[in-house]
Amino acid sequence: MRLIAKFKSLQRDWVSWVPTLWLGIFFLIPFVVVLKISLSQATIAMPPYLPLFEWLEGILEIRLDFGNYLFLIDDPLYGSAYLESVRIALVSTIFTLVIGYPMAYVIATAKEPRRTLLLLLVILPFWTSFLLRVYAWIAILKTNGLLNGLLMALGLISEPLVVLQTDLAVYIGIAYTYLPFMVLPLYASLSKLDRTLLEASEDLGATPWISFVTVTLPLTIPGVIAGSLLVFVPAIGEFVIPALLGGNDTLMIGKVLWNEFFANRDWPIASAVAIIMLFVIVGPLMWLNRINSKIEEAQL
Amino acid sequence: MRLSRYVFPVMASLGFGFLYLPILILVIYSFNESKLVTVWGGFSTRWYVELFQDPQILDAAKLSLQIAASSATIALVLGVAAAMTLVRFRWFRGRTWLAGMVAAPLVMPEVITGLSLLLLFVALDNWLGWPSGRGVTTIVLAHATFGMAFVAVIVQARLRDMDLTLEEAAMDLGARPLTVFFTVTLPTIAPALVASWLLAFTLSLDDLVIASFVSGPGSSTLPMVVFSKVRLGISPDINALATLMILIVGLGGVFGFWQMRRSTHRRSS
């Protein structure tokens, strides 16, 4: 009997250990490797960095090169790229929230089957190519594009507006592609909202705006935070959107990392950029994790 | 009540318009004879013809489909195992580690994931000689890892909603845990499995950044080819490609909605 029980628990353990080990190898350990290479010296070879540890005639030589980090601190380009990324991600998140909240509200208050249909409409674009959806905006926003054509035909402007290759285009691109990540958590917390509370506040004489600001909004704050973080964190390191819609002066850290790696082939500097980026996002990430586990607890 | 009756619906309609207008424009302009976006040169299917005569795009599409199918399948198996562990096996010792790691790839900036996986593959190649060089294998491994996170999240939600009494009844009737899993649990969560496999498949098919880092010479995926074309400016054959992809996804969405409605009707009747 005991043997069978042991066998069963082994089977279960096996089911659990395989995904855990997989993530350990392909998600956790890579960060250790990045940290290691960020401390090594660049060289012209393949792979283009010098080893950290070397066994020389019985002496283990460990060479940690902090030069990459000093270089990042020294060159103002990197500091401003981090700040710019956070600023652009923040503005875009606010954009996304303002567009996404009314959508989530309307979906949460709709009746079936309209509710399922509207939810599907939000999720569907997420399933089509992200790259192609970003590309679609080039045709709309460029100087001789559709937006300017429309506005000039209506006589609203006489000179074409320059939108493509500005920060505004990047905000639009991020809000557009990350909208489902915002709407879904908002919808989840709006649909759990107790409607009798709204009736009570209106019975007590509150105007719709007052009851929205004092009842609905505070009760859906977890959804607002979860949705905002799901947009904000990946937006900081975004590469495709600033590369296609932003200008040459749109400095985002994802683009800087990409150029260090692909154009300059400086793997150690690219690694150091990644390590500092991790420090920037680790705070918001842990916040998100805490909210998720709170939601999980509430569901149990 | 004016807020929920007028202001929000109007703003939400604008939101849905914002979501769908660019897609609509892509579709319309894929049939434009002219190469310029602002000029309508008449209806034409020439960009579709050009698309299907471009060997570079066709090869890349074939490669991307292969990578997407294999990585989604690995992601499905790993993701279901992770979800079962997190929802059902609360005593598992590595649970906190797994819980922390499984959701992180969802929000990790792609440049970091791509760079870190590439450096891992290079290091592994140096120490163990595997995976030798970079190409399809490394892209599949990378895509399986982030696809697994999406699978785990979807399946976890479904497992939580599932009626536990079904599994208990089967166990009471003497079924072994593995039998219960294959005859009760899996069929019940089948729609979530289909949805999550498809999502992992699409995400792999769509990924540019991670694939660019971990791919090697001669293994350019479809997004990599599209990106290099798009960077040079608008090319109408890409509009045609986008329209075809939207058509496939749209049909899938309609099918999914119809399935969902049918299953809710059956349950309520």
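K.L.:
Tell me what's going on with the overall build of chain A, and back it up with residues and numbers.
P.N.:
Counting its regular elements, chain A contains 13 helices and two strands. Taken over C-alpha atoms, the radius of gyration comes to 25 Å for chain A, far larger than the 19 Å a tight globule of 300 residues would show. Its C-alpha atoms give chain A principal-axis dimensions of about 85 × 80 × 35 Å. Residue burial in chain A is summarised as follows: out of 300 residues, 44% are buried.

K.L.:
Explain the overall build of chain B to me, using residue names and the numbers behind them.
P.N.:
Looking only at helices and strands, chain B features 12 helices and zero strands. Principal axes of the C-alpha set define a box for chain B whose edges measure 70 × 65 × 35 Å. Here chain B holds 269 residues, and the buried ones make up 40% of them. Nonlocal contacts in chain B, meaning residues at least 24 apart in sequence, comprise 74% of its contacts between residues at least 6 apart.

K.L.:
How would you sum up the nonpolar core? Please name residues and give values.
P.N.:
It is characteristic of soluble globular proteins that their nonpolar side chains tend to be buried jointly. Ala104, Trp137, Leu257 and Val273 of chain A together with Leu115 of chain B are the most contacted members of the largest nonpolar core, which totals 159 residues. When residues of this core are sorted by domain, at least three fall in each of domain 1 (21–53 + 234–269) and domain 2 (59–221) of chain B. Beyond its immediate stretch of four places on either side in the chain, Leu257 of chain A contacts Ala270, Val273 and Ala274 of chain A together with Val111 and Leu115 of chain B.

K.L.:
Residue-level account of the confidence of the model for chain B, with values.
P.N.:
Residues and elements named next belong to chain B. In this model, chain B carries an average pLDDT of 85, and 93% of its residues clear a pLDDT of 70 or more. The weakest mean pLDDT in chain B belongs to helix α12 (residues 236–268) at 75; the strongest belongs to helix α10 (residues 209–214) at 95. Prediction confidence for the complex, expressed as pTM and ipTM, is 0.87 and 0.85 respectively.

K.L.:
Hey, could you go over the pairing of strand β1 (residues 53–56) of chain A for me, with residue numbers and the actual values?
P.N.:
For a regular strand, the rule is simple: side chains alternate between the two faces of the sheet. Residue and element names in this part refer to chain A. As paired strands, β1 and strand β2 (residues 59–62) are joined by four bridges and run antiparallel to one another. Pairing of Glu54 across the sheet is with Glu61, part of β2. Connecting β1 to the antiparallel partner β2 that follows it, the hairpin turn spans two residues, and Glu57 within it adopts a positive phi of roughly 45 degrees.

K.L.:
Could you give me a rundown of helix α5 (residues 110–128) of chain B, with the residues and numbers involved?
P.N.:
Taking 1.5 Å of rise per residue, the 19 residues of α5 of chain B would be expected to cover 27 Å, and the 26 Å separating its terminal C-alpha atoms lies within 8% of that figure. Taken from the residues just after α5 of chain B, Gly129 of chain B is the one with a positive phi, measuring 75 degrees.

K.L.:
So what about the interface of chain B and chain A? Which residues, and what values?
P.N.:
Interfaces are often sized by the amount of accessible area the parts lose when they come together. Contact residues are listed per partner, giving 70 residues for chain B and 78 residues for chain A. The dominant element in the side of chain B that touches chain A, judged by the number of residues it contributes, is helix α1 (residues 2–29) of chain B, at 16 residues. Residue composition of the side of chain B that touches chain A, by class: 55 nonpolar, 10 polar and five charged.

K.L.:
Could you give me a rundown of the environment of Leu288 of chain A, with the residues and numbers involved?
P.N.:
Tracing the backbone shows Leu288 of chain A in helix α13 (residues 267–299). Between the alpha carbons of Leu288 of chain A and Thr207 of chain A there is a distance of 33 Å; along the sequence they are 81 residues apart. Aside from chain neighbours lying at most four places away, what touches Leu288 of chain A is Ala226 and Leu229 of chain A together with Val107 of chain B.

K.L.:
So, the domain arrangement of chain B: which residues are in play, and what are the values?
P.N.:
Taken as a whole, chain B is organised into domain 1 (21–53 + 234–269) and domain 2 (59–221). Distance from the C-alpha centre of domain 1 of chain B to the C-alpha centre of domain 2 of chain B: 28 Å.

K.L.:
Before we move on, can you summarise the environment of Leu119 of chain B with the specific residues and values?
P.N.:
Within the fold, Leu119 of chain B resides in helix α5. Along the backbone, Leu119 of chain B and Val214 of chain B are 95 residues apart, and their C-alpha atoms lie at a distance of 8.8 Å. Not counting residues up to four positions away in its chain, the partners in contact with Leu119 of chain B are Pro30, Val33, Val34, Ile37 and Ser271 of chain A.

K.L.:
Tell me about the packing of helix α6 (residues 136–161) of chain B against helix α9 (residues 190–206) of chain B, and name the residues and values.
P.N.:
Residues and elements named next belong to chain B. Between α6 and α9, whose axes approach to 9 Å, the crossing angle comes to 155 degrees. By the criterion of interaxial angle, the relationship of α6 to α9 is roughly antiparallel. The handedness of the crossing between α6 and α9 is right-handed. Contacts between α6 and α9 pair His143, Gly147, Phe150, Val151, Ile154, Val155 and Arg158 from the former with Ala192, Ala195, Ser196, Leu199, Ala200, Leu203 and Ser204 from the latter. Its residues assigned to classes, the contact of α6 with α9 comprises nine nonpolar, four polar and one charged.

K.L.:
Now, about unusual backbone geometry: what can you tell me, with residues and values included?
P.N.:
The phi torsion of most residues other than glycine is negative, and most of the peptide bonds are trans. Residues and elements named next belong to chain A. Backbone torsion omega between Glu112 and Pro113 reads 0 degrees, so that peptide bond is classified as cis. Tracing the sequence through the fold places Pro113 in the loop between α3 (76–109) and α4 (114–127). Although it is not a glycine, Gln165 adopts a positive phi angle of roughly 65 degrees. Summarising the element assignment, Gln165 is placed in the loop between α6 (146–153) and α7 (167–191). Of note, the phi angle at Arg265 is positive, near 50 degrees, even though the residue is not glycine. Here Arg265 is to be found in the loop between α12 (253–263) and α13.

So, how was this worked out
Residues numbered from 1 in each chain as written. Chains lettered and ligands numbered in written order. Predicted model: local features only at pLDDT ≥ 70, side-chain atom pairs only at ≥ 80, totals over all residues. Helix = DSSP H or I, 4+ residues; strand = E, 2+ residues; numbered from the N terminus. Rg over C-alpha atoms; globule rule 2.2 N^0.38 Å. Buried ≥ 20, exposed ≤ 12 C-beta atoms within 10 Å, placed from the backbone. Contact = placed C-beta atoms within 7 Å. Core = buried A, V, L, I, M, F, W, Y, C linked by C-beta atoms within 7 Å. Domains from an automatic or database assignment. pLDDT = per-residue confidence, 0-100. Pairing = 2+ DSSP bridges. Expected span 1.5 Å × (residues − 1). Nonpolar A, V, L, I, M, F, W, Y, C, P; charged D, E, K, R; others polar. Axes fitted to C-alpha atoms, helices over the stretch in contact; angles between N-to-C directions. Parallel < 35°, antiparallel > 145°, perpendicular 65-115°, else oblique. Left-handed = near helix turned anticlockwise from the far one by under 90°.

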